[in-house]
Amino acid sequence: MTDATILGAGVAGLTVAHELVSRGLSVQVIDPAGPPGPKACSWWAGGMLAPFCEGETAPDPVSRLGLGAADWWQAAGACVTRAGTLVVALDRDRAELARFARRTDGHRTLDATALAALEPDLADRVSQALYVPDEAHLAPRAALDHLHQSLTVRGVRIAGQGRVTGRLIDCRGLAARDRLPELRGVRGEMAILRAPGIRLSRPVRLLHPRHPLYIVPRGDGVYMLGATQIESDGRGPATLRSVMELLGAAYALHPAWAEAEVLEIGADARPAFPDNLPRVLERDGRTHVNGLFRHGFLLAPALARMTADLLTTGALPELA
Amino acid sequence: MPVFYGTEIASPLMLGTAQYPSPADLSRAFQRSGAGVATVSLRREAAGGDGSGFWDIVRGLDIPLLPNTAGCHSAREAVTTAHMARDLFDTRWIKLEVIGHPDTLQPDPFGLVDAARILTDDGFQVFPYTTEDGILAGRLLDAGCEVLMPWGAPIGTGLGLNNPYGLRTLRGQFPDVPMVIDAGLGLPSQASQAMEMGFDAVLLNTAVARAGDPPAMAEAFAHALTAGRLARAADPMEPRDMAVPSTPVLGLAVLQ
């Protein structure tokens, strides 16, 4: 017997499991795909813990809910890099930088000299940037693996199937559409490259009127490039056009990307509610944690806390 | 209100459905503006999945849908996309875009006329995205189009009506053809200007979707269109060089 059964071993399921165990509850995790892997859309995530930058398009609570994410992941033992975020635009698209600055907080403007000190490789490519110091990033697969190990050590199993015991917490993402018909998929495509000719120490967001791009360093010269955002439930392979746009934008930012090795190209669909905000909600006898959209690693800790509060105090927490 | 292929629409605002912060913002923008037509692009959304979650939201707007062939660079591509759209949305309407240049996104006039003819012969009701060129407009009408959609400025630039002379000439050349200013609008005042010039409707997306508050901007455009339409109908004064006082100056009392 456990206090709770969690369906889904993606970022939502594992953070909820970790938070519940930390508060002394016993849990089991059930996922037909087994331990964290490519069937979870969080496997393909960028891993940016960027509450300020995400505020550009995300509604208000997203930034607020995401503020504690880096601390949570660090406390959970994941390897978190706190080096901030750099937001840049090619000189032709300077207006994009002004718009981004107007619509977000927590940044300061860097001139060419300050930018060169922070990311020398970008110095002669862009003449102005926004620096968001209080943001962080992590490697999603390593973080999921770490949670898995840490749960295993504490006696939590991830089973392919099993009998539900205790409270049922549904963290199945898009698969929960059978019970949450208002969920939709938003397709994202990404690439992982090894680029020894380029050195970036922090996530870089390239604002572009057509092909926005972010680059997240994974260490050892490996970078994740993401991500498209297409209104589609399709989970099939990335399209040529999407990949060309991502890689083309990177190449426009710096020609040294031309020599990078393409290690992986991936695609999946992210679960989202119509307002693109996440939910902890109770329906038909189960608790749903879902709709993390493009903010999985940023929002999962706050949702895990809310879920744990719900289980320990019985009160359904307010999102805002 | 404008009539396209026999269908009267409820508002001269035709609004796109792409690029909103969220579908909830999209729905609110349509509600607050009372937009008469929703345009939908299906190329990417249809790729690799049925996109059903998003389509359900778009269909839920409950206004006429105008699917488009956005991103097509040849007549053949546009025709294929139009057929997909007809199957998916069950409508004969198609906004025909055949892009001639990847950077400026300006229409390819030759491919446009070819595709318009093929689609019209196939029973489609074509809304061609075109320039202000009057000769091209004539060819599109010859090909069977009963609506024209001249650009204000290149797609997504927000520059407004780049060539008011050319647009005025086009309007004057074909006074009875319903015409929609499509693309390039950034501000409601530009939409007013289009209506004052006698255009029947405007079609826009980025100006609303990428505003900080899309529903508020959509409403602003709706008001601007009403203002422009009323002004046009009210027969505006002619500009003139001679200053004319609006208060008579003769017969003032002498207060000494």
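Note that the structure is a prediction, hence the values are computed from the model and not measured. (Residues numbered from 1 in each chain as written. Chains lettered and ligands numbered in written order. Predicted model: local features only at pLDDT ≥ 70, side-chain atom pairs only at ≥ 80, totals over all residues. Heavy atoms only, no water.)

### Some remarks on the overall build of chain A
Argument step 1. Along the backbone of chain A there are nine helices and 17 strands.
Argument step 2. Projected onto its principal axes, the C-alpha coordinates of chain A cover approximately 60 × 35 × 35 Å.
Argument step 3. By residue count, 58% of the 320 residues in chain A fall in the buried class.
Argument step 4. For chain A, contacts bridging at least 24 residues in sequence account for 76% of all contacts bridging at least 6.
Argument step 5. Accessible surface, chain A: about 12900 Å² in total, of which carbon and sulfur atoms supply 52%.
Argument step 6. Averaging the coordinates of the 35 positive side-chain charges in chain A and doing the same for the 35 negative ones gives two points 3 Å apart. (Helix = DSSP H or I, 4+ residues; strand = E, 2+ residues; numbered from the N terminus. Buried < 20%, exposed > 50% of the residue type's maximum accessible area, 1.4 Å probe, protein only. Contact = heavy atoms within 4.5 Å. Areas by Shrake-Rupley, 256 points an atom, 1.4 Å probe, with all protein chains shown as cover. Lys, Arg positive; Asp, Glu negative; His and termini not counted. Charge placed at Lys NZ, Arg CZ, Asp CG, Glu CD.)

### Comments concerning the environment of leucine 88 of chain B
Argument step 1. With respect to the helices and strands, the residue leucine 88 of chain B is situated in helix α4 (residues 75-89).
Argument step 2. Here leucine 88 of chain B is in contact with Leu42, Trp55 and Arg59 of chain B, once residues within four sequence places are set aside.

### Overview of the sheet that holds strand β3 (residues 48-49) of chain A
All names here are of chain A.
Argument step 1. Strand order in this open sheet of three strands is β3-β8-β4, and the pairing throughout is antiparallel. Lying at the two open borders of the sheet, with one neighbouring strand each, are β3 and β4 (80-81).
Argument step 2. Of the strand pairs in this sheet, β4 and strand β8 (residues 136-138) are connected by two bridges, and their pairing is antiparallel. Opposite valine 80, over in β8, you have leucine 138 as the bridge partner. (Pairing = 2+ DSSP bridges.)

### Topic: the confidence of the model for chain B
Detailed reading of the predicted coordinates is not advisable wherever pLDDT is low.
Argument step 1. When pLDDT is averaged across chain B, the result is 91; 93% of the residues are at 70 or more.
Argument step 2. Confidence metrics for the complex model read pTM 0.88 and ipTM 0.83. (pLDDT = per-residue confidence, 0-100.)

### Focus: the domain arrangement of chain A
Residues and elements named next belong to chain A.
Argument step 1. Annotation of chain A at the domain level lists domain 1 (4-74 + 137-183 + 275-313) and domain 2 (85-133 + 184-272).
Argument step 2. Between the C-alpha centres of domain 1 and domain 2 the distance comes to 26 Å.
Argument step 3. At the interface, 30 residues of domain 1 touch 34 residues of domain 2.
Argument step 4. Three residues stand out in domain 1 for area buried against domain 2, namely Trp44, Glu56 and Phe293, and they jointly supply 25% of the buried area on that side.
Argument step 5. Taken together, domain 1 and domain 2 are joined by four salt bridges.
Argument step 6. Between aspartate 233 and arginine 177 there is a salt bridge whose closest N-O contact spans 3.0 Å.
Argument step 7. At the boundary of domain 1 and domain 2, one finds 10 residue pairs in polar contact (both at pLDDT 80 or more). (Domains from an automatic or database assignment. Buried area = accessible area lost by both parts, 1.4 Å probe. Salt bridge = Lys/Arg side-chain N within 4 Å of Asp/Glu carboxyl O. Polar contact = N/O pair within 3.5 Å; in protein donor to acceptor, adjacent residues only side chain to side chain.)

### Section: the sheet that holds strand β15 (residues 261-272) of chain A
All names here are of chain A.
Argument step 1. On the basis of which strands lie adjacent, the open sheet formed by eight strands has the order β6-β7-β5-β12-β13-β14-β11-β15 and mixed pairing. Here the strands that pair on one side only, and so sit at the sheet edges, are β6 (108-110) and β15. Recorded for the sheet is a direction-independent mean angle of 25° between the axes of neighbouring strands.
Argument step 2. Strand direction decides the pairing type here: strand β5 (residues 85-89) and strand β12 (residues 204-207), joined by four bridges, are parallel. Looking across to β12, one finds that leucine 86 is bridged to valine 204.
Argument step 3. Sitting on the sheet, helix α8 (residues 240-253) touches β5, β11 (184-194), β12, β13 (213-219), β14 (222-226) and β15, and the angle it makes with β11 is about 50°. (Axes fitted to C-alpha atoms, helices over the stretch in contact; angles between N-to-C directions.)

### Side note on the interface of chain A and chain B
Argument step 1. Each side of the interface is counted separately: chain A has 23 residues, and chain B has 22 residues.
Argument step 2. Around 1700 Å² of area is buried between chain A and chain B when both sides are counted, 44% of it from carbon and sulfur atoms.
Argument step 3. Taken together, the connections running from chain A to chain B amount to zero salt bridges.
Argument step 4. Our count for the chain A to chain B interface comes out at five residue pairs in polar contact (both at pLDDT 80 or more).
Argument step 5. Ranked by residues supplied to the side of chain A that touches chain B, first place goes to α8 of chain A with three residues.
Argument step 6. Considered class by class, the residues forming the side of chain A that touches chain B number two nonpolar, eight polar and 13 charged. (Nonpolar A, V, L, I, M, F, W, Y, C, P; charged D, E, K, R; others polar.)

### Focus: the pairing of strand β3 (residues 13-16) of chain B
All names here are of chain B.
Argument step 1. Judged by which residues are buried, β3 turns out to be covered on both faces: Leu13 and Leu15 on one side and Met14 and Gly16 on the other are all buried.
Argument step 2. The pairing of β3 with strand β10 (residues 201-204) spans three bridges and is parallel. By the bridge assignment, methionine 14 is partnered in β10 with leucine 203.
Argument step 3. Where β3 and strand β4 (residues 37-41) come together, three bridges link them in parallel fashion. The residue bridging methionine 14 from the neighbouring strand is valine 37, located in β4.
Argument step 4. Traced from β3 through helix α1 (residues 23-33) to β4, the parallel crossover comes out right-handed. (Right-handed = clockwise from strand over helix to strand, strands pointing away.)

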